[in-house]
Amino acid sequence: MTQTNLQPSTDSAPTSESRRSSGFAGIVSLVAEREIRMRLRSKAFLISTAILLVVTVASILLGGILGGTDSKPPVAAVGSVARSLPPDTFKVTPVDSRAAGEALLRAGDVDAVIVPSDSPTKVAVIGLDSAPSKVISKLSVAPSVQLLNPDAPNPFLIYIVALGFGIIFFISAMTFGGQIAQSVVEEKQTRVVEILISAIPVRTLLAGKVIGNSLLAFGQIIAISACAGVAMAISGQGALLAGIGPAIIWFIVFFTVGFVLLASMFAAAASLVSRQEDVQSVISPVTMLVMIPYFLVIFFNDNALVLGIMSYVPFSAPVGMPMRIFLGSAQWWEPLLSLLLSVVVTIGVIMVGARIYQNSLLRTGGRVKVKEALRG
């Protein structure tokens, strides 16, 4: 299929003076406002955002409830054994005889019955149909343990934090990046873009789309972070909130810059095609850039080398650097250096993406090659 360059007629196009009089910032704000209104009118977007917030709050509250659940196993203790068991380890129900304790065990009121014994341990444990391992483990005498790094985060907590950063980055980038790509192709396919370009410059249209969707993504991240903080405070996880708070703040900062980079790439890639059926094929390289940090942080969240490299690569820094800040392995100057590098790369990508977008937006027919779009 041949390509046709549909340039608007000079008769209908406004003069450069009239464009300048509108002001670049004013036109960009109008386009951004249009993008925001379109998204906020979408029930799918509102429902998905609400579900994401509910899942975030529910997972934190559930974790707090499960983490705060009393782990003391209920036991029945006969005679003097009831007085010898530490109350901070067991829920002790004193009974007068072994038979009374066994009755509670069969009724499911206790996990085990502890009775006096002539064995070296001086007690015997009675279970129902299997050995009560939890009770036995608490009765065992464990050796003292000393840690060389007592302030190191729990490995399970590290995994949960990495999973949270990875999922939020992946979902937000894919949701809003995909919306930008769909919007670009839809306007191109329906020829709406020809009307828009006759009134405003191409670069302002691109800037408005990127800024509008970036503000929505930024707002969503802020809402998620705020809900997570409130949920942690309500569930009594203040210590965790204090530990992860700086990492969350840096995540928001890096995500803002990183998303602008990805949004520009999504828009530029989508401008190369004219049909919705071809969108996925052209944005797949950008999608891979979004997926790589997600999988890396899931499988290598405790690997200092991988996290160090991720923290300086612009499209993975929004995940890698906050993780290093949470782990305490990043020097104070490293987030600033990484952020500066991300800003510089983002500006370069925006310039290249704007050129591709401008030179491909009015071309219909077959897929525009990147080399052709760069040449103009």
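So, here is what we can say about the structure in this document. (Residues numbered from 1 in each chain as written. Predicted model: local features only at pLDDT ≥ 70, side-chain atom pairs only at ≥ 80, totals over all residues. Heavy atoms only, no water.)

## Some words on the overall build of the protein
Here is the rule: Labels follow the DSSP assignment, with helices taken as runs of H or I lasting at least four residues and strands as runs of E lasting at least two, numbered in each case from the N terminus. Here's how the labels work: a residue is buried when its accessible area is under 20% of the maximum for its type, exposed when over 50%, partly exposed in between, all with a 1.4 Å probe on protein chains only. The accessible surface values rely on the Shrake-Rupley method and a 1.4 Å probe; as for residues, cover is taken only from the protein chains in view.
In terms of helices and strands, the protein carries 15 helices and 6 strands. Evaluated residue by residue, the protein yields a buried proportion of 40% over its 376 residues. Surface exposure of the protein reaches about 19800 Å², of which carbon and sulfur atoms provide 66%.

## Side note on the sheet that holds strand β5 (residues 123-126)
Worth spelling out the cut-off: Strand pairing is assigned whenever DSSP identifies at least 2 bridges connecting the two strands. Helix axes are fitted to C-alpha atoms over the stretch in contact, other axes to C-alpha atoms as well, and angles between N-to-C directions run from 0 to 180 degrees. Here, residues are in contact when the closest pair of their heavy atoms is within 4.5 Å.
Strand order in this open sheet of 4 strands is β3-β2-β4-β5, and the pairing throughout is mixed. With one partner strand each, in any of the chains shown, β3 (91-95) and β5 form the two edges of the open sheet. For this sheet, the mean inter-axis angle between neighbouring strands, taken without regard to orientation, is 25°. This element, helix α5 (residues 98-107), spans β2 (74-78), β3, β4 (112-116) and β5 of the sheet and lies at about 165° to β4.

## Looking at the packing of helix α2 (residues 24-40) against helix α7 (residues 155-189)
Note the following rule: Angles are sorted into four bins: roughly parallel if under 35 degrees, roughly antiparallel if over 145, roughly perpendicular if 65 to 115, and oblique for all others. Put simply, Ala, Val, Leu, Ile, Met, Phe, Trp, Tyr, Cys and Pro go in the nonpolar bin, Asp, Glu, Lys and Arg in the charged bin, and everything else, Gly too, in the polar bin.
Between α2 and α7, whose axes approach to 13 Å, the crossing angle comes to 105°. The angle between α2 and α7 places the two elements in the roughly perpendicular class. Across the interface between the two elements, Arg34, Glu35 and Arg39 from α2 touch Gln179, Ile180, Ser183 and Glu187 from α7. Taken together, the residues of the contact of α2 with α7 sort by class into 1 nonpolar, 2 polar and 4 charged.

## Quick notes on the environment of valine 297
Along the chain, valine 297 turns up in helix α11 (residues 279-299). Residue valine 297 is classed as buried on the basis of its relative accessible area, which comes to 0%. Each C-alpha atom, one on valine 297 and one on glycine 164, is 9.9 Å from the other, the two residues being 133 residues apart in sequence. Once residues within four sequence positions are removed from consideration, valine 297 is found in contact with Ala162, Gly166, Met310, Val319 and Met323.

## Quick word on the environment of phenylalanine 300
Position of phenylalanine 300 relative to the elements: it lies in the loop between α11 and α12 (304-310). We classify phenylalanine 300 as partly exposed; its relative accessible area is 34%. Sequence spacing of phenylalanine 300 and tyrosine 159 is 141 residues, and the spatial spacing of their C-alpha atoms is 9.4 Å. Beyond its immediate stretch of four places on either side in the chain, phenylalanine 300 contacts Val306 and Leu307.

## Here's the deal with the packing of aromatic side chains
To describe a pair of aromatic rings, you give the distance between the ring centres and the angle between the ring planes. Definition in use: The pairing test for Phe, Tyr and Trp rings, Trp by its six-membered ring, is centres within 6.5 Å, and the orientation test on the planes gives stacked under 30 degrees, edge-to-face over 60, and tilted for anything in between.
Counted by the stated rule, this structure contains 9 aromatic pairs. The interplanar angle of 70° and the centroid separation of 5.6 Å between the aromatic rings of phenylalanine 45 and phenylalanine 176 together place this pair among those described as edge-to-face. Here phenylalanine 45, found in helix α3 (residues 43-68), pairs with phenylalanine 176, found in helix α7; they are 131 residues apart in sequence, far enough to count as distant. Classification of phenylalanine 45 as buried rests on a relative accessible area of 6%. Seen in terms of ring centroids, phenylalanine 169 and phenylalanine 255 are 6.2 Å apart; in terms of plane orientation they differ by 90°. Their pairing is edge-to-face. Taken together, the positions of phenylalanine 169 in helix α7 and phenylalanine 255 in helix α10 (residues 238-270) put the pair 86 residues apart, joining distant regions of the chain. Summarising the burial analysis for this pair, phenylalanine 169 and phenylalanine 255 share the class buried.

## Some points on the pairing of β5
Relative to β5, β4 is paired through 4 bridges, and the arrangement is antiparallel. Note that in β5 the partner of proline 116 across the bridge is valine 123.

## Here we look at unusual backbone geometry
Phi at arginine 191 takes a positive value of approximately 65°, unusual for a residue other than glycine. Tracing the chain through its elements places arginine 191 in the loop between α7 and α8 (192-199).

## Considering the pairing of β4
Each regular strand displays side chains that alternate between the two surfaces of the sheet. The buried fraction of β4 is high, at 4 of 5 residues. Here 3 bridges tie β2 to β4, and the two strands are oriented parallel to one another. For alanine 77, the partnering residue across the bridge sits in β4 and is isoleucine 114. Between β4 and the antiparallel strand that follows it, β5, lie 6 residues; lysine 122 among them carries a positive phi value of about 70°.

## Topic: the nonpolar core
Under the convention used in this document: In plain words, nonpolar cores are sets of buried Ala, Val, Leu, Ile, Met, Phe, Trp, Tyr and Cys residues tied together by side-chain atoms within 4.5 Å.
Core analysis: the biggest nonpolar cluster contains 66 residues, and Phe165, Leu205, Leu262, Met323, Tyr357 and Leu361 have the highest contact counts within it. Among the elements that line this core, the one with the most residues is α10, at 14 residues. Those residues in contact with tyrosine 357, other than ones at most four positions away along the chain, are Val184, Val202, Leu205, Leu206, Lys209, Ala267 and Ser271. Membership of the second largest hydrophobic core comes to 9 residues, among which are Val75, Ala77, Ala112 and Val135.

## Focus on the side chain of serine 225
In this structure, serine 225 sits in helix α9 (residues 202-234). Relative accessible area serves as the criterion here: at 18%, serine 225 is assigned to the buried category. Residues in contact with serine 225, not counting those within four places in the same chain, are Ile248 and Ile252.

## What about the pattern of salt bridges?
Just so we agree on the cut-off: Think of a salt bridge as a Lys or Arg side-chain nitrogen and an Asp or Glu carboxyl oxygen that are within 4 Å of each other.
Applying the stated criterion across every chain, the model contains 11 salt bridges. Across the pair aspartate 278 and arginine 275 runs a salt bridge, and its minimum N-O distance is 3.1 Å. Take arginine 275: its relative accessible area is 43%, and that puts it in the partly exposed class. Taken together, the shared-partner salt bridges connect Arg34, Glu35, Arg39, Glu187 and Lys209 into one network.

## Concerning the packing of α2 against α9
This is how it is decided: Should the near helix be turned anticlockwise from the far one by less than a right angle, the crossing is left-handed, and should it be turned clockwise, the crossing is right-handed.
Between α2 and α9, whose axes approach to 7 Å, the crossing angle comes to 50°. Considering their axes alone, α2 and α9 lie oblique with respect to each other. Seen from above, α2 lies across α9 with right-handed handedness. Contacts between α2 and α9 involve Phe24, Ile27, Val28, Val31, Ala32, Arg34, Glu35, Ile36, Arg39 and Leu40 from the former and Thr204, Leu205, Ala207, Gly208, Lys209, Ile211, Gly212, Asn213, Leu215 and Leu216 from the latter. Considered class by class, the residues forming the contact of α2 with α9 number 12 nonpolar, 4 polar and 4 charged.

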